[in-house]
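Topology and contacts: notes
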Amino acid sequence: MAGLTRVDAPARRGGLRRRRARRQRLFRWVVVGLLGLFFALPLLAMLEFTTRGAGGKVSFDTWRLLVDWPRLSETYPDLSAGITTSFGLALLTTVLMLVLLVPTVIWVRLRLPRLRRTIEFLCLLPLTIPAIVLVVGLAPVYAWVTYFLGGSSLTLTFAYTVLVLPYAYRAIDAGLSAIDVRTLAEAARSLGAGWATVIWRVVLPNIQSAVLSAAFLSVALVLGEFTLASLLSRTNLQVAIELLGKSSATMSVAVSLAALILAFVLLFLLSFAGAVRGRRRNRSKEPTVSTSSEPAAPVATS
């Protein structure tokens, strides 16, 4: 009986682990389903509102107009200008952020490790300052920006670059923490590579997913920003939606829904890129097994 008890104990523990895993899996699916329902209901309500036609019939005229750019530009010129401006701001902000932040973070990690905490503090500082306080500080600066560069809404690139620094820094810093940057740099330097080559051809290819994450987060934040643009008297997508809501609520809600869907798609691509990167890293760690069919060399015997 004691032998049977000892034999059955591992099987019993295995059954308990399987039941616990099934309960945890069920709990995760329930939580995901409830959260999905919580986010899907407002989106479905927005979709129903934008497709509500005369007499309670379903009409997609608003969405047809939204995807017809010539007609949209003619019917709602402010909205088309806001869309163009926001996409231009997203592109310029992402490029400026990457040009400033990526070399700086890599250089501090390699050559100036004592300044890492200072750089982290400066990059995370905008996260602790409310947008209205940022506007108060940026208003005098933008008076000079307007004087030298004009009043174009694309000048919001400088303010948005400051705004996306906390999110972009965290993404890039996490990517650098996942690799041995110092060893890679020392190996490249020992082979005669300059610091520009080390950053561009050695370190940067190993943090592609982190740079992509920072870019996606920057685009999503720029497309959804309203406070700075409104208080600085600039027009972007969100300001145009707010102004459009006073004259055409249906089109305003449709554009808001399209912007939300675009943000969800960007975040999905971000998670997908991270998953692909993780699978590649795990695959690279797997030991290689020789598949050669050649017989082993005979051992010489005396």
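Just above, that's the structure.
Residues numbered from 1 in each chain as written. Predicted model: local features only at pLDDT ≥ 70, side-chain atom pairs only at ≥ 80, totals over all residues. Heavy atoms only, no water.

**With respect to the environment of serine 218**
Selection criterion: Strands here mean DSSP runs of E at least two residues long; helices mean DSSP runs of H or I at least four residues long; both are numbered from the N terminus. Whether two residues are in contact is decided by their heavy atoms: any pair within 4.5 Å suffices. N or O atoms closer than or at 3.5 Å make up a polar contact, with two conditions inside protein: a donor-capable atom paired with an acceptor-capable one, and, for residues adjacent in sequence, both atoms drawn from side chains.
Assignment of secondary structure puts serine 218 in helix H10 (residues 208–224). With 53 residues separating them along the chain, serine 218 and leucine 165 place their C-alpha atoms 8.6 Å apart. Not counting residues within four places of it along the chain, the set of residues in contact with serine 218 comprises Thr94, Met97, Val164 and Ala168. Of the polar contacts made by the side chain of serine 218, one reaches the backbone oxygen of alanine 214; its length is 2.8 Å.

**Quick word on the packing of helix H4 (residues 77–111) against H10**
Convention followed: The axes used here are C-alpha line fits, helices contributing only the stretch in contact, and every angle between their N-to-C directions lies in the interval 0 to 180 degrees. In this scheme the handedness of a crossing depends on how the near helix is turned from the far one: anticlockwise by less than a right angle means left-handed, clockwise means right-handed.
Put simply, H4 and H10 touch, their axes get as near as 9 Å, and they point 140 degrees apart. The hand of the H4/H10 crossing is right-handed. Packed against H4, whose contacting residues are Ser86, Leu89, Ala90, Thr93, Thr94, Met97, Leu98 and Val102, the element H10 presents Val211, Ala214, Ala215, Ser218, Val219, Val222 and Leu223 at the interface.

**Focus on unusual backbone geometry**
In plain terms, the rule: Burial status follows relative accessibility: with a 1.4 Å probe on protein chains alone, a residue under 20% of its type maximum counts as buried, one over 50% as exposed, and anything between as partly exposed.
One non-glycine residue, serine 233, adopts positive backbone phi at about 60 degrees. Relative accessible area serves as the criterion here: at 66%, serine 233 is assigned to the exposed category.

**Here we look at the pattern of salt bridges**
Condition: Each reported salt bridge corresponds to a side-chain nitrogen of Lys or Arg within 4 Å of a carboxyl oxygen of Asp or Glu.
A complete count under the given rule lists 6 salt bridges for this structure. With a closest N to O distance of 2.8 Å, aspartate 61 and arginine 64 form a salt bridge. Taken together, the residues aspartate 61 and arginine 64, both in helix H2 (residues 61–67) and 3 residues apart, mark about one turn of the helix. Owing to a relative accessible area of 48%, arginine 64 belongs among the partly exposed residues under this scheme. Across the pair arginine 117 and glutamate 120 runs a salt bridge whose closest N-O atoms are separated by 3.1 Å. One end of the pair, arginine 117, and the other, glutamate 120, are both in helix H5 (residues 116–128), 3 residues apart, so they sit about a helical turn from each other. For glutamate 120, a relative accessible area of 11% corresponds to the buried category. Salt bridges here are not isolated pairs; linked through shared partners, they connect Arg109, Arg116 and Asp173.

**As for the side chain of threonine 94**
Following the sequence through the fold, threonine 94 ends up in helix H4. Residue classification places threonine 94 among the buried positions, given a relative accessible area of 10%. Within the structure, threonine 94 has its side chain in polar contact with the backbone oxygen of alanine 90 (distance 2.7 Å). Those residues in contact with threonine 94 that sit more than four places away from it in its chain are Ala215, Ser218 and Val219.

**Comments concerning the side chain of aspartate 173**
Along the polypeptide, aspartate 173 turns up in helix H7 (residues 156–177). Of the polar contacts made by the side chain of aspartate 173, one reaches the side chain of arginine 109; its length is 2.7 Å.

**As for H4**
Because the α-helix completes a turn every 3.6 residues, residues three or four places apart line up on one side. So the rule is basically this: Expected span of a helix, by definition, is 1.5 Å for each gap between consecutive residues, and there is one gap fewer than residues. The reported bend at a residue is simply the angle between two axes, fitted to the 7 residues ending at it and to the 7 residues beginning with it.
Along its 35 residues, H4 runs 51 Å from first to last C-alpha, staying within 8% of the 51 Å computed at 1.5 Å per residue. Roughly 25 degrees is the biggest bend found in H4, and it falls at leucine 98.

**Comments concerning a nonpolar patch on the surface**
Quick reminder of the rule: Patches here are clusters of residues that have more than 30% relative accessible area and form no salt bridge, with a 9 Å joining cutoff for like charges and a 5 Å cutoff for nonpolar side chains (Val, Leu, Ile, Met, Phe, Trp, Tyr). Here the Shrake-Rupley method, with its probe set to 1.4 Å, supplies the accessible areas, and only the displayed protein chains count as covering residues.
Judged by side-chain polarity, Phe27, Val31, Leu35, Phe38 and Phe39 come together as a nonpolar surface patch covering roughly 550 Å² of accessible area. Tracing the backbone through its elements, the reader meets valine 31 in helix H1 (residues 2–50). Looking at valine 31, the relative accessible area reads 32%, which means it is partly exposed.

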